[in-house]
Every structure is written in C-alpha cells, then in structure tokens.
Amino acid sequence: MKHLLSPLDLSVDELNDLLDLARDISINPKKYSHVCDGKKLATLFYEPSTRTRLSFEAAMINLGGSVLGFSSADSSSASKGESVSDTIRVISCYADICAMRHPKEGAPMVAASKSGIPVINAGDGGHQHPTQTLTDLMTIRELRGSLDNFTIGLCGDLKFGRTVHSLINSLIRYKNIKFILISPKELRVPDYIIDVLRENNVEYSEVEKLEDVMSQLDILYMTRVQRERFFNEDDYLRMKNFYILDKSKMNLAKKDMFVLHPLPRVNEISVEVDDDPRAAYFKQVQYGVYVRMALILTLLGLDKEIQ
Ligand code: CP
C-alpha cells in the first residue's frame with residue numbers, strides 16, 4: 001500500500017505519469033466520473049483549511065465516490081484525548097483512503113504506520129504539504145510546458161511555509177532550476193533545506209528585496225506570513241507586511257513571468273494584481289482539483305483501469 005507523506009514518495013517518472021493523468025482528467029472529466037463509484041475518502045483535518053479539504057472532497061465527488069470526515073480537532077474525539085494512531089485504525093474501517101492535516105510535524109507518518117488505507121499528508125505543521133506541491137508542479141508545467149530550465153523566486157515566510165519546503169525538495173529533481181530565496185532574515189528557509197540545495201549542487205541565492213531580483217524571475221511564488229506558527233504576536237506584526245506585490249513591482253517583471261501563491265492570501269499580493277494575465281494563483285486552485293483526482297486514482301490503484 002502506498003501513502004503520500006512527502007513529495008519524494010513519488011519518483012520523477014511516477015510524478016510525470018500523475019501529472020499526465022491530471023492533464024487527461026482536465027481535458028476529459030466525464031471519462032473519470034464513475035471510476036470511484038462506491039469508494040470513500042475520509043478528510044481528517046485537525047487544522048483549518050479551505051482549499052485542501054474542499055478540493056479533496058470535490059476530487060472524490062468528481063470521481064463518483066463519497067466523502068466523510070471532520071474539519072477540526074474540536075469536532076473529533078481528539079478533543080477527548082484520542083491518539084492519531086487509534087483514530088486512523090478506526091477510520092480504516094470506514095473509508096478506502098484518507099487525507100490528513102495536522103499541526104504536528106510527522107503526524108501523518110505516524111498515522112500511515114498504523115493505517116489499513118492509503119494516507120495522504122494534507123499538511124503537517126511547518127514541515128511538508130505534498131499535494132500543494134503537486135498542484136504547483138502541475139501549474140508550472142501547464143503554464144510553461146516543462147518543469148526544466150527556469151528561475152523561481154520564493155518570497156515571504158520561507159521559514160514556516162511548508163509549501164516552500166515541499167516545492168524546493170521536488171524541483172531540485174528537475175534540470176537547470178535556479179532558486180532565488182526572498183525573505184527577511186528572520187524568515188529564511190531552515191538550514192536543512194539549504195543543506196539539500198548544497199548537497200545537490202543547485203544554484204540558489206538568498207536576498208531580502210523583491211524589487212532587486214524581479215526582472216530575473218520566470219516564476220514568482222509568493223507566500224503568506226504564517227501567523228499561526230509564530231511564538232510572539234509582535235514578531236508577526238513586524239513581518240506581516242514585509243512584502244506586498246503590487247502593480248509597480250509587476251512592472252519590473254518579465255512579460256511572461258507567472259505569479260503563483262498557495263493561498264490563502266492576506267496582504268502580500270494586492271488585489272490590483274489579480275487582473276494581470278501573469279497572475280496564476282486562481283488557475284492554480286483549479287489544477288489542485290485535477291491533480292488530487294489523479295492522486296486518489298493512483299493511490300487506489302485505479303489509474304491503469306481507465307481506457
Ligand atoms: N493552500 C492551502 O493549503 O490552503 P488551505 O489552508 O485553505 O487548505
């Protein structure tokens with residue numbers, strides 16, 4: 001049985017197959033509308049979510065299956081002290097596959113070790129968010145035609161932003177990707193990510209000012225300052241408006257640069273940018289449904305059954 005706990009659980013070939021399947025789903029959605037008839041997805045969300053939980057639910061419904069689950073720890077027996085290990089044993093009796101979001105790093109891995117069904121990490125603390133990465137990779141591949149040969153600027157909270165950690169881990173497996181890491185000193189990527197870049201001889205630089213590097217970027221990946229992971233509210237207030245992408249900064253960018261953001265956004269992208277044809281963050285949301293449909297089919301072993 002296969003789980004998805006980290007983006008590296010899929011080889012590059014498996015990832016490319018999954019992205020091909022997601023593209024086919026986007027072109028021929030009707031072909032897939034009954035593939036999961038009778039199957040159930042459980043969404044176990046111990047932390048708030050709009051996109052990830054609802055896109056998983058939409059994905060399973062689009063495939064003909066059904067969904068059950070909880071959207072907060074408070075509304076589950078976790079509030080009575082039940083462990084993740086016990087919960088997943090129970091859920092394995094109710095569902096065929098599950099997506100879990102948890103504030104503690106590694107909780108989905110603990111669940112997977114006791115689970116009778118595939119477990120998908122839907123975000124664990126400040127650690128990883130592999131299905132956002134699948135969404136990001138599909139978005140980049142659909143917009144640029146390839147996952148090789150580009151410069152990506154990752155901007156904002158690179159310390160706590162789990163989508164950034166997962167995306168860097170994945171993109172280093174492709175050819176000629178250059179990373180420009182744009183953050184205040186206090187929110188730089190963790191050392192273990194820098195170690196990964198160095199060990200793989202990947203070109204990267206760390207800068208503080210977005211304006212200085214804007215003209216070099218093919219992709220700008222904006223992120224929110226993760227208020228919920230700060231220990232001190234004053235630190236959050238000092239950092240929260242450090243970057244605001246607006247029209248004047250977009251004027252410095254290439255005409256074919258794309259702006260991505262995992263969302264939710266707070267202030268870091270001005271709404272005036274939304275109408276710019278280079279703003280791709282709402283397209284990204286749509287790709288997230290296709291890629292999660294492809295992932296459910298793959299983990300349930302149904303991907304090869306479709307004619
Ligand atoms: N991108 C993302 O994980 O959004 P949600 O927190 O709304 O799921």
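See the structure above.
This write-up is about the structure you can find in this document.

### Observations concerning the site of the ligand
Part 1: Inspection of the region around the ligand gives Ser 49, Thr 50, Arg 51, Thr 52, Arg 101, His 129, Gln 132, Pro 262 and Leu 263 as its neighbouring residues.
Part 2: His 129 places a side-chain nitrogen or oxygen 2.8 Å from an oxygen atom of the ligand.
Part 3: For the ligand, whose free accessible area comes to 250 Å², the fraction covered by protein is 91%.
Part 4: There are two domains that each give the shell around the ligand at least three residues, and those are domain 1 (7–128 + 287–305) and domain 2 (130–285).

### Concerning the sheet that holds strand β7 (residues 204–207)
Part 1: With parallel pairing, the five strands of this open sheet are ordered in space as β7-β6-β5-β8-β9. Taken across any chain shown, the strands that pair with only one partner, and hence form the sheet edges, are β7 and β9 (258–260). Sheet twist, expressed as the mean angle between neighbouring strand axes with direction ignored, is 20°.
Part 2: The sheet contact formed by strand β5 (residues 150–155) and strand β6 (residues 177–182) spans six bridges and is parallel. Along β6, the bridge assignment pairs Cys 155 with Ile 182.
Part 3: Contacting β5, β8 (219–222) and β9, helix α5 (residues 130–144) crosses the sheet at an angle of about 170° to β9.

### Description of the pairing of strand β2 (residues 66–70)
Part 1: Two elements, strand β1 (residues 40–45) and β2, share five bridges in a ladder whose sense is parallel. Counted as the bridge partner of Lys 40 is Ser 66 from β2.
Part 2: Once the chain exits β1 it traverses helix α2 (residues 51–62) before rejoining the sheet at β2, and the crossover so formed is right-handed.

### Some words on the state of the cysteines
Simply put, the disulfide is a covalent bond whose two ends are the sulfur atoms of two cysteines.
Part 1: Under the criterion given, the structure shown has zero disulfides.
Part 2: Not engaged in a disulfide, the cysteine Cys 36 finds its nearest cysteine sulfur in Cys 98; these two sulfurs lie 15 Å apart.

### Digging into the packing of helix α1 (residues 12–27) against helix α11 (residues 281–299)
Part 1: It is at 8 Å that the axes of α1 and α11 come closest, and there the two elements cross at 120°. One way to sum up the angle between α1 and α11 is to call them oblique. As α1 runs across α11, the sense of the crossing is right-handed. Residue-level contacts link Leu 18, Leu 19, Leu 21, Ala 22, Ile 25 and Ser 26 of α1 to Tyr 290, Val 291, Met 293, Ala 294, Leu 295, Leu 297 and Thr 298 of α11.
Part 2: Its residues placed into classes, the contact of α1 with α11 shows eleven nonpolar, two polar and no charged.

### Observations regarding the environment of Met 250
Part 1: Along the chain, Met 250 falls in helix α10 (residues 247–250).
Part 2: Given a relative accessible area of 2%, Met 250 falls into the buried group.
Part 3: Residues Met 250 and Val 12 lie 238 residues apart in sequence; the distance between their C-alpha atoms is 33 Å.
Part 4: Ignoring any residue separated from it by four or fewer positions in sequence, one finds Met 250 in contact with Met 214, Leu 245, Met 257, Val 259, Val 273, Asp 276 and Arg 278.

Procedures and definitions
- Residues numbered from 1 in each chain as written.
- Predicted model: local features only at pLDDT ≥ 70, side-chain atom pairs only at ≥ 80, totals over all residues.
- Heavy atoms only, no water.
- Near = heavy atom within 4 Å.
- Polar contact = N/O pair within 3.5 Å; in protein donor to acceptor, adjacent residues only side chain to side chain.
- Areas by Shrake-Rupley, 256 points an atom, 1.4 Å probe, with all protein chains shown as cover.
- Domains from an automatic or database assignment.
- Pairing = 2+ DSSP bridges.
- Helix = DSSP H or I, 4+ residues; strand = E, 2+ residues; numbered from the N terminus.
- Axes fitted to C-alpha atoms, helices over the stretch in contact; angles between N-to-C directions.
- Contact = heavy atoms within 4.5 Å.
- Right-handed = clockwise from strand over helix to strand, strands pointing away.
- Disulfide = S-S within 2.5 Å.
- Parallel < 35°, antiparallel > 145°, perpendicular 65-115°, else oblique.
- Left-handed = near helix turned anticlockwise from the far one by under 90°.
- Nonpolar A, V, L, I, M, F, W, Y, C, P; charged D, E, K, R; others polar.
- Buried < 20%, exposed > 50% of the residue type's maximum accessible area, 1.4 Å probe, protein only.

These figures capture arrangement, not role.
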